[in-house]
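Examination of the molecular architecture
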Amino acid sequence: MPLIELDRVTYTYPEGDRPVLRDLSLSLEGGGCLILRGDNGSGKTTLFRVLNGLAFPEKGTYRFDGETIDRAYLSDSRRARAFHKRIGYLFQNPDTMLFNGRVFDEAAFGPRQMGLPEEEVRARTEDCLKLFGIADLSDKAPYHLSGGQKKRVALAAVLTLNPDVLILDEPLAGLDKKGRDLLTDFLVSWREAGKTLIAATHEESLADLLAGRVLTLT
Amino acid sequence: MSDRLPAWMKGSDPYEPKGRGGTFAARTLRALAGAIGRLRFQQGREGRRPLPALFKLVLLLAGLLVLSLARKLMVPLFFTALVLVLICFLPGRDLLSVLVTGLFAAALSLVLMLPAMILAPETAFNCLFLVWKVFLSVLMVSLFNHTTQWNHITGALKRLHVPGILIFTLDLTLKYIVLLGRLVSDLLTAYLLRAVGKDRQACSSLGGVLGVTFLRGTEVSRETYEAMVCRGFTDDYGGL
């Protein structure tokens, strides 16, 4: 059974006059990799919103691990939180993801939510901060970091939840060489560990490296 | 190469959320998205052949003046009939929004008038008359707002020789309400996606959202000022 399955999904924004996504179907097995391509405004971010249960298709169905994800399903807060725990989403603009006073608290937010013991929270947070080379920033305020550092903090904050699926919207945009290398290495490791990845990127090299299925939105 | 990943990240967590949580953020997010949507909607929607904004604005101002000076019942009755006919042409969602705005203003003025009505019952009729006028005035302004694009309103204000600084301030205010509203909406979305348990620090997290919004607002205003300076602005608002 596919982990993610979209069946003829159509979505139009309330203020829009034509669908951003029209009759889109796709399926992705657990551990698979999907690379999204398309011009600006082709619906990549909208598709990510649908996959995260932030927008609901007006036609068609979205199934995650066999469950149909719609307004009714996510109206149960327990089911909604279990679903959100399984999908990690990195926004295109990390500025809008960081709302804690310290980098450490930002990354520790997820595991604390899960009610993990404080030692485990600390261990997971430190692991993720080290993974992206930002352990030295743990006492800094995320707001005052550079764009690339913010992106790495945002990704660490998503990963401490240990999601099953990672959705990345333009992951390499705004990163310097060190940041790009760290992230590329991480994504390769993520793939090798058999975890599911969906990424929108204009970077040919990253798409080739990850060797995933390519879906071009028009 | 996957050795780079910590051991806990290679597997999956068996996680079952306990209790209820995250509903406050979800509700706030829905309300905020609706409010921003309405603001954007008001900026863009006009009929196929709209009346010139200047004409509508002059009519509105004259109507408000006549209504506020009226002492006979006939005038508010006439305006009630006129406004009710006009709002019937609005789409359902707009009609509801216009009516709710008017009713809210009327209810507020009624509450303010209540002490006067209780302490001096002979003034009750005049007080209710005033509440009715408030209801009609707000309804008229709201109707104008729902049927006229914002840039047409500012154009009309300019032609009425309203000072540039006022128009400029109104323009920027509306623009940044939408911009900062979107920022709050995104921050709450990020919060919602990661608030997978019972948040014992919900107030602190939401305080963080407001703090970031405030900082971003300050930054945006500084950037706007610098962009204006780069385009020749010399702190002289008279030329706007």
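Residues numbered from 1 in each chain as written. Chains lettered and ligands numbered in written order. Predicted model: local features only at pLDDT ≥ 70, side-chain atom pairs only at ≥ 80, totals over all residues. Heavy atoms only, no water.

Section: the sheet that holds strand β6 (residues 87-90) of chain A
Residues and elements named next belong to chain A. Selection rule: Strand pairing is assigned whenever DSSP detects at least two bridges linking the two strands. To qualify as a helix, a DSSP run of H or I must reach at least 4 residues; to qualify as a strand, a run of E must reach at least 2; elements of each kind are numbered from the N terminus. Angles run from 0 to 180 degrees between N-to-C directions of axes, and those axes are lines fitted to C-alpha atoms, restricted for helices to the stretch in contact. By definition in these notes, contact holds between two residues if any of their heavy atoms fall within 4.5 Å.
Overall, parallel pairing links the 5 strands, which are arranged β6-β7-β8-β3-β9 in an open sheet. Looking at the sheet topology across the chains shown, the edges are occupied by β6 and β9 (213-217). Looking at each pair of strands side by side, their axes are set apart by 15° on average, direction ignored. Taken together, the 4 bridges between strand β3 (residues 33-38) and strand β8 (residues 196-200) define a ladder with parallel strand orientation. In the sheet register, L36 faces β8, and the bridge partner there is A200. Packing against the sheet, helix α3 (residues 77-86) makes contact with β6 and β7 (165-169), and its axis sits at approximately 65° to β6.

Regarding the packing of helix α3 (residues 53-69) of chain B against helix α4 (residues 74-87) of chain B
Relative orientation and spacing of two packed helices are given, respectively, by the angle between their axes and the distance between those axes. Residue and element names in this part refer to chain B. As a reminder of what qualifies: We call a crossing left-handed when the near helix sits turned anticlockwise from the far one by less than a right angle, and right-handed when that turn is clockwise.
Between α3 and α4, the shortest axis-to-axis distance is 9 Å and the interhelical angle comes to 145°. Where α3 crosses over α4, the handedness of that crossing is left-handed. In this structure, α3 uses G63, V66 and L67 to contact α4, whose residues at the interface are V75, P76 and F79.

Topic: the pairing of β7(A)
All names here are of chain A. What counts here: For every residue, the accessible area (1.4 Å probe, protein chains only) is compared with the maximum for its type, and the residue is labelled buried under 20%, exposed over 50%, or partly exposed between those bounds. When the strands point away from the viewer and the path from the first strand over the helix to the second turns clockwise, the crossover is right-handed.
Of all 5 residues in β7, 5 are buried; the element is thus mostly enclosed. Neither face of β7 is left uncovered, since the one carrying V165, I167 and D169 and the one carrying L166 and L168 both have all their residues buried. Looking at chain direction, β6 and β7 are connected through 4 bridges and run parallel. Across the sheet, L90 pairs through a bridge with L168, a residue of β7. As defined by bridge partners, β7 adjoins β8 across 5 bridges and the pair is classed as parallel. Looking at the pairing, D169 lines up with A200 of β8. Each parallel crossover has a hand, and the one from β7 via helix α7 (residues 177-192) to β8 is right-handed.

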